[in-house]
Amino acid sequence: MNRISAKTLENLIFGHRIIVIVVFLTVTLLLGYSLTNLKVDAGFNKLLPVTHEYMQPFLKYRDEFGGANRIVVALTVESGDIFTPAFFDTLKKVTDAVFFIPGVDRASVSSLFTPNVQFTEVVEDGISGGNIVPADFTPTPERLAKVRENLLKSDYVGRLVANDFSGAIISASLLEINPRTGEKLDYIQVSRNMEERIRAPYRSENIGVHIIGFAKVVGDIHGGAASVKLFFVATLILTTVLVWFYMQSVTLTLITMFCSLMAVIWQLGLLPLLGHGIDPMSILMPFLVLAIAVSHAMQMTSVMRAEVFAHEGITAHDPSHGPATTQIAARGAFRRLLVPGGIALASDTIGFLTILFIEIEIVREMAITASIGVAVIILTNLILLPVLLSYSTFDDAYRKRLQRRAVFLAPFWDVVSRVSQPRNALIVLAAGGLLGLFGLWKGSDIRIGDLHAGVPELHADSVYNMDSKIISERFSIGVDVLSVIVETKKDGCIDHEIMSDIDRFAWTIRNVPGVQSVISLAGIAKTINAGWNEGSLKWRELPRNQHMMVQSVAYVPTASGLLNRDCSVMPVLIFTDDHKAETIARIIDAVKHYRDGYAADDVRYLLAGHNIGVMAATNEAVEAAQFPILIYVFLAIIVLCVLTFRSIRAMLCIVIPLAVVSLLSYALMSSLEIGLKVNTLPVVALGVGIGVDYGIYIFNRLWASMRGGMALADAFRTTLETTGTSVVFTALILALGVVTWMFSDLKFQADMGIMLAFMFLVNMLGAILLLPALAARMYPSGSGKPSR
């Protein structure tokens, strides 16, 4: 921005200060009212990378074979088995309760009591069968024994009944639209209904109730959001206290926090106006915006305060400069920080916008939410904040307190400033290089997706993860399912070659580590064929005779989800031990290996359906986008820095520390076993943004001093006393504020608290140590105006 336009903007803003304040307050009140309409907006479809190749078969056949959005309710007994009147009475009631939960696709409900759960057997007169639990069932010992006998004739042991008969499952798919209201399904209410209508009334001393599924995850994360709100308040209070400790002024503290909170209100208030809600997975976005806002606000306040007291800041060497008026000082701070602050915030905004390249709705919502928040900081912190500061006043006692602090910190800055000496700079650069290499080595181990069994957003001992563990231990299935869609010619299910190929595929996948069980039409047909031959294991093969093949598959209904009406599509269901990234990748690779090297000509194996298919597509989308995103972010920063400072060397001084910290952030994620996924990507982008902020502010002050004729060592010493002080205190304040998240009920928030504290501190160290060391090498003359 040229001097004329900057001066015009300055006069426009400070010449109408009252109007500016009234406009901002009015907009804040309006957006605050809009904030009351902000709703939690969770949806399974938002997780789908709809343009990924895996999602095309999934979307094409979702209505026919069921979607990935399921709930599973498991009833287990603490001792004995399930064949008791009390257990079956509870199972019947829970089945009815699941059936009537709003949003459940009632046709998809499966339980021992639903008519779609049947057995078949071969008798003297041919094929016989029926419901495993007859319609006229009464829980007498004879009838219970008959149910057990029917179960053993079916393939539901391990699927709907525990392998050791210690539990039974009720499963169902959820609709995206609530048929009662015609509106988007409220997953939080579904989760609440499952707790109130199922777990609470039917859990007893001998019967445990375990519930898993996407809706339950959303509900539990939303429940943990209560602690998120508590930590938000605690972080806000702690940050305010620490800001006051640095500012030593109640007025400056209130102005700083008021403008920072205003940015959060604007961010959240704009979301309903743009037709967005806030997803539970992006609940930390307001924290990130508050952190960035506080960082920039403290820079503006510090520079303004320095302008008031000594033109170039209070120093221990010469604290006798006469103060300017606060309005002149506020104007000076506005002029000094308009360009670097605007460039830093523009870099942050671009960093978040690059996440839009991942074509997943929830990721794009996070990008939009974060970008809005950072964009409004340009208004609240670069325009309103200096206007409010222009009304502040300072007495002699305040000046003396700051002078005493400057004298106290002077020895510390003397030590730090030695980094700019050539020999020390080489040592720092060598250490930075080694850290960068370590980050590259350790960061290369980072994994895409979930790294642990259960839901990583929740602690391992959370109710949901314990429920998931119990279900996976007792049953051969859980909520983690991958379906491979097998497309072939019409009536392919009675073609021996095609069915044999599907059977070989199922056998191959069954032997992949991480696969719990595999269900295919070919496997069912083999069992039925053996049944036709007195159950002999020798006949558990696919018949070559077409008429016998028809006999083997005729009794498998389309409701089983294993075939369509004309037998041209036959999904293979793969139940996995967990949804760890390595488990998913291993199974997907095995499917591709068979598909590309061994599949018959008339058989096409299409990936992928159910929740593991969605996770596989999401993981691949994130993996494909992570490096392009970083490249775009750094390119944007490089371009903005070059345009601002008109110097390649200046750009390198800012970007190189940023790159080192980014590598170390990846190394930390790898060490903490935090996978890179849709809800951690924005935090990585934030790390880049915070680094840019610190680097640009430090270098801008250093650059200005050097262009004024100061030697590099003196310029850096002056920078440390002004901008450096605020950068160090800002990093410490923000790190202390977020490190309290370690005690959150949500593991995701606890992990992100560690990550953010690390980023705040390491970016600060990069800005005050590595950046000046680079400047010492880039500008070896050490004095005068720096060359391009």
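Reading the values: rules and limits
Residues numbered from 1 in each chain as written. Predicted model: local features only at pLDDT ≥ 70, side-chain atom pairs only at ≥ 80, totals over all residues. Heavy atoms only, no water. Helix = DSSP H or I, 4+ residues; strand = E, 2+ residues; numbered from the N terminus. Buried < 20%, exposed > 50% of the residue type's maximum accessible area, 1.4 Å probe, protein only. Contact = heavy atoms within 4.5 Å. Areas by Shrake-Rupley, 256 points an atom, 1.4 Å probe, with all protein chains shown as cover. Disulfide = S-S within 2.5 Å. Pairing = 2+ DSSP bridges. Axes fitted to C-alpha atoms, helices over the stretch in contact; angles between N-to-C directions. pLDDT = per-residue confidence, 0-100. Salt bridge = Lys/Arg side-chain N within 4 Å of Asp/Glu carboxyl O. Phe/Tyr/Trp six-rings, centres within 6.5 Å; stacked < 30°, edge-to-face > 60°. Lys NZ or Arg CZ within 6 Å of the ring centre and 35° of its normal. Patch = residues over 30% accessible without salt bridge, like charges linked within 9 Å, V, L, I, M, F, W, Y side chains within 5 Å. Bend = angle between axes of the 7 residues up to and from the residue.

**With respect to the overall build of the chain**
And then number 1: For the chain, the helix and strand inventory stands at 23 helices and ten strands.
And then number 2: The principal-axis extent of the C-alpha atoms belonging to the chain is close to 110 × 50 × 45 Å.
And then number 3: A buried classification covers 59% of the 788 residues belonging to the chain.
And then number 4: Within the chain, contacts between residues separated by at least 24 positions form 79% of all contacts whose residues are at least 6 apart in sequence.
And then number 5: For the chain, the exposed surface amounts to about 32100 Å²; the carbon and sulfur share of it is 61%.

**With respect to the state of the cysteines**
And then number 1: By the definition in use, this model includes one disulfide.
And then number 2: With a sulfur-sulfur separation of 1.8 Å, Cys493 is cross-linked through a disulfide to Cys567. Between Cys493 and Cys567 the disulfide shows an S-S torsion of about 90°. By sign, it is right-handed. On the criterion of sequence distance, the pair formed by Cys493 in the loop between strand 7 (481–487) and helix 15 (496–510) and Cys567 in the loop between helix 17 (546–553) and strand 9 (572–576) is long-range, its members being 74 residues apart. Side by side, Cys493 and Cys567 carry an identical accessibility label, which is buried.

**Quick look at the sheet that holds strand 1 (residues 70–77)**
Strand pairs in the sheet, formed through backbone hydrogen bonds, run parallel or antiparallel to each other.
And then number 1: The antiparallel open sheet is built from four strands, whose spatial order is 2-5-1-6. Edge strands, defined here as strands with exactly one partner in the open sheet, are strand 2 (104–110) and strand 6 (207–213). For this sheet, the mean angle separating the axes of adjacent strands, direction not counted, is 20°.
And then number 2: With seven bridges connecting them, strand 1 and strand 6 associate as antiparallel partners. The partner of Thr76 across the bridge, within strand 6, is Gly208.
And then number 3: Contacts from helix 14 (residues 463–474) reach strand 1, strand 5 (167–174) and strand 6, with the element oriented near 105° to strand 6.

**Considering the confidence of the model for the chain**
And then number 1: In this model, the chain carries an average pLDDT of 80, and 90% of its residues clear a pLDDT of 70 or more.
And then number 2: Taken as a whole, residues 311–324 scores under 50 in pLDDT and shows 33 contacts with residues more than four places along the chain or in a different chain.

**Thoughts on the pattern of salt bridges**
And then number 1: For the coordinates displayed, the defined rule picks out 17 salt bridges.
And then number 2: The closest approach of N and O atoms between Arg199 and Glu195, which form a salt bridge, is 3.0 Å. On the criterion of helical spacing, the pair formed by Arg199 and Glu195 is a turn pair, its members being four residues apart in helix 6 (residues 187–202).
And then number 3: Assessed through its relative accessible area of 5%, Arg199 is described here as buried.
And then number 4: One salt bridge connects Glu721 with Arg717, and the closest N-O pair in it is separated by 2.3 Å. Here Glu721 pairs with Arg717, and both are found in helix 22 (residues 712–739), just four residues apart, close to one helical turn.
And then number 5: Glu721 gets classed as buried once you look at its relative accessible area, which sits at 13%.
And then number 6: By relative accessible area, which is 9% here, Arg717 ends up buried.
And then number 7: Taken together, the shared-partner salt bridges in this structure form one network comprising Glu195, Arg199, Lys216, Asp220 and Asp467.

**Some thoughts on unusual backbone geometry**
For residues besides glycine, phi is generally negative; the peptide bonds are generally trans as well.
And then number 1: For Phe165, which is not glycine, the phi dihedral falls at a positive 60°.
And then number 2: Position of Phe165 among the secondary structure elements: in the loop between helix 5 (141–152) and strand 5.
And then number 3: The class for Phe165 is buried, based on a relative accessible area of 11%.
And then number 4: Not every positive phi belongs to a glycine, and Cys567 is a case in point at roughly 60°.

**Details of the packing of aromatic side chains**
And then number 1: Scanning the entire structure with this criterion turns up 19 aromatic pairs.
And then number 2: With 6.0 Å between their ring centres and 75° between their planes, Phe113 and Phe137 make a pair best called edge-to-face. In this pair, Phe113 sits in the loop between strand 2 and strand 3 (118–123) while Phe137 sits in the loop between strand 4 (126–131) and helix 5, placing the two residues 24 residues apart along the sequence. Each of the two residues, Phe113 as well as Phe137, counts as buried.
And then number 3: An aromatic cluster is present here, built from Phe83, Phe87, Phe88, Phe113, Phe137 and Phe165 joined pairwise through their rings.
And then number 4: The ring of Tyr391 carries Arg17 above its face, with NZ or CZ at 4.1 Å from the centroid.

**Focus on a nonpolar patch on the surface**
And then number 1: Side chains of Phe357, Phe627, Ile631, Tyr632 and Leu635 sit close together on the surface and give an oily, nonpolar patch of about 530 Å² of accessible area.
And then number 2: Inspection of the secondary structure assignment puts Leu635 in helix 19 (residues 610–645).

**So, helix 10 (residues 326–353)**
And then number 1: A maximum bend of about 45° is found in helix 10 at Leu337, where proline Pro340 lies one to four positions downstream.
And then number 2: With 20 of its 28 residues buried, helix 10 lies for the most part within the structure.

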